[in-house]
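# Structural overview
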Amino acid sequence: MTVLVTGSRGKVGSLLVRVLHEHGVAVRAASSDPEKLSLPAGTESVRLALDTPADFPAALDGVDSVFLYAEPAAVGAFVEQAEKAGVEHVVIMSADAVLRPGAADDPIAAPHLAVEQALAASSLTSTPLNCGALASNALPWAWSLKARGAVGLPYPDSHADPVNERDIAEAAYAVLTDPGLRGRSYHLTGPQSLTFAEHVEIIAAAAGRDIPVERIPPQVWRANKPGFMPDDIADALLKLWAASTAPVPLTDHVEQLTGHPARPFTEWAAQHADAFRA
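Reading the values: the criteria
- Residues numbered from 1 in each chain as written.
- Predicted model: local features only at pLDDT ≥ 70, side-chain atom pairs only at ≥ 80, totals over all residues.
- Heavy atoms only, no water.
- Helix = DSSP H or I, 4+ residues; strand = E, 2+ residues; numbered from the N terminus.
- Rg over C-alpha atoms; globule rule 2.2 N^0.38 Å.
- Contact = heavy atoms within 4.5 Å.
- Areas by Shrake-Rupley, 256 points an atom, 1.4 Å probe, with all protein chains shown as cover.
- Pairing = 2+ DSSP bridges.
- Axes fitted to C-alpha atoms, helices over the stretch in contact; angles between N-to-C directions.
- Core = buried A, V, L, I, M, F, W, Y, C linked by side-chain atoms within 4.5 Å.
- Buried < 20%, exposed > 50% of the residue type's maximum accessible area, 1.4 Å probe, protein only.
- Phe/Tyr/Trp six-rings, centres within 6.5 Å; stacked < 30°, edge-to-face > 60°.
- Polar contact = N/O pair within 3.5 Å; in protein donor to acceptor, adjacent residues only side chain to side chain.
- Arc of directions from axis to C-beta.
- Right-handed = clockwise from strand over helix to strand, strands pointing away.
- Salt bridge = Lys/Arg side-chain N within 4 Å of Asp/Glu carboxyl O.

## Describing the overall build of the protein
Of regular secondary structure, the protein possesses eleven helices and eleven strands. A compact globule built from 278 residues would reach a C-alpha radius of gyration of about 19 Å, and the protein, at 19 Å, matches this within 12%. For the protein, the spread of C-alpha atoms along the three principal axes comes to 55 × 40 × 35 Å. Within the protein, contacts between residues separated by at least 24 positions form 72% of all contacts whose residues are at least 6 apart in sequence. Here the protein has roughly 12,500 Å² of accessible surface; of this, 51% comes from carbon and sulfur atoms.

## Focus on the sheet that holds strand S6 (residues 125–131)
In space, the seven strands of this open sheet follow the order S3-S2-S1-S4-S5-S6-S9, with parallel pairing throughout. Bordering the open sheet on either side are strand S3 (44–47) and strand S9 (186–188), each of which pairs with just one other strand. On average, each strand axis in the sheet is tilted by 20 degrees relative to the strand beside it, whichever way the strands run. This element, helix H1 (residues 11–22), spans strand S1 (2–5), strand S2 (26–31), strand S4 (65–69) and strand S5 (89–95) of the sheet and lies at about 160 degrees to S4.

## Concerning the nonpolar core
Residues Trp 141, Ile 203, Ile 211, Trp 221, Phe 265, Trp 268 and Phe 276 are the most contacted members of the largest nonpolar core, which totals 36 residues. If you list the elements that add at least two residues to this core, you get helix H4 (109–120), helix H5 (141–148), strand S7 (151–153), helix H7 (196–207), helix H9 (231–243) and helix H11 (265–271). Among the elements that make up this core, the one with the highest residue count is H7 (six residues). If near-sequence neighbours (up to four positions away) are discounted, Phe 265 is found in contact with Ala 135, Ala 138, Pro 162, Leu 194, His 199, Ile 202 and Ile 203. Judged by nonpolar contacts, the second largest core, of 31 residues, contains Leu 20, Val 25, Tyr 186 and Leu 188.

## Things to note about the packing of aromatic side chains
Evaluated as defined, the whole model comprises six aromatic pairs. Centroid distance Phe 196 to Trp 241: 5.7 Å. Interplanar angle 90 degrees. Geometry classified as edge-to-face. With a gap of 45 residues between them, Phe 196 in helix H7 and Trp 241 in helix H9 connect regions that are remote in the sequence. The two residues Phe 196 and Trp 241 agree in class, both being buried. The structure contains a cluster of three or more aromatic residues connected by ring pairs, namely Trp 141, Phe 196, Trp 221 and Trp 241.

## Thoughts on the side chain of Ser 244
Along the chain, the position of Ser 244 falls in the loop between H9 and helix H10 (253–258). Since its relative accessible area comes to 11%, Ser 244 is described here as buried. From its side chain, Ser 244 meets the backbone oxygen of Leu 240 in a polar contact 2.8 Å long.

## Here's the deal with H5
For H5, the complete set of buried residues consists of Trp 141, Ala 142, Ser 144 and Leu 145. On an axial view of H5, the arc spanned by its buried residues comes to 160 degrees, and they lie on one face. Exposed side chains of H5 directed beyond 90 degrees from the buried face belong to Trp 143 and Ala 147. In this structure, the buried side of H5 is in contact with S7 and H7. The positive-phi residue at the C-terminal boundary of H5 is Gly 149, with phi of around 75 degrees.

## Here we look at the side chain of Arg 263
Assignment of secondary structure puts Arg 263 in the loop between H10 and H11. Side-chain polar atoms of Arg 263 contact the side chain of Asp 167, separated by 2.5 Å. Side-chain polar atoms of Arg 263 contact the side chain of Glu 267, separated by 3.1 Å. Not counting chain neighbours up to four residues away, the residues in contact with Arg 263 comprise Asn 164, Arg 166, Asp 167, Glu 170 and Pro 191.

## Some thoughts on the pairing of S4
Most of S4 is tucked away: four of the five residues are buried. For S4 and S5, the ladder comprises five bridges, and the chain directions are parallel. Looking at the pairing, Val 66 lines up with Val 90 of S5. Running through helix H3 (residues 75–85), the crossover from S4 to the neighbouring parallel element S5 is right-handed.

## As for the environment of Ile 202
With respect to the helices and strands, Ile 202 occurs in helix H7. Given the relative accessible area of 19%, Ile 202 is considered buried. Separated by 196 residues in the primary sequence, Ile 202 and Thr 6 have C-alpha atoms spaced 32 Å apart.

## Digging into the pattern of salt bridges
Scanning the model with the defined rule gives 14 salt bridges in all. Residue Glu 170 pairs with Arg 263 through a salt bridge whose shortest N-O separation is 3.2 Å. One end of the pair, Glu 170, is in helix H6 (residues 165–177); the other, Arg 263, is in the loop between H10 and H11, and 93 residues separate them in sequence. When the shortest N-O distance is used, the salt bridge between Arg 222 and Asp 235 registers 2.5 Å.

Below is the structure:
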């Protein structure tokens, strides 16, 4: 089999490429900038921007399965070309936001839901991986720490379930290579529901230093949000964080798919502690 991995420069996609390669599965690494990829020796690469249908035929030629990031811009054309190319199975890296009420009207959930629905309506077998909060969402806090000497959070008591990107990659490998796992949806979470303040405590312990948490007004956070983040996403995040006052539901789907418990946030913190030491 040949697996096409979209977004191969991303945190999950890059890990999945290596996991597939290590297990001897033929993998085609796709990226809108394939020349910037760092790949295992002998790994094929291809240019693929998910909003550019002209890229689809070459990327999908001879492919059996696809790991697909949830980009809805040209998903209809992507599905059509995948069917034409004889693709059998698509694993969608989706968000657990689609599992919440009002997903179709939520700017975080809606793009993922659109991709899931387009695949579900096709002749292709699709398997959504509805992922909780990525552990790496904590990494930008290192920039806040450097800039202000503290991690500025509008809702430090908000809960999240940090899931390690390697767990997602290993879960994707399982459903890509085991036909018995196809056609279902899986909710991937970390092993704990932690407040953002507890995230920071774990990072501080790993870095061996004190990391203050500063509660900032939501409007201040919004005014200083990352430049790449659309306003509607920022507003949706603030609404979500404000509502997440209780522990979030957890699942054992990572363990079901990978054979090991979900990695704790302490492992991610230890691996990225240097970013918080400088």
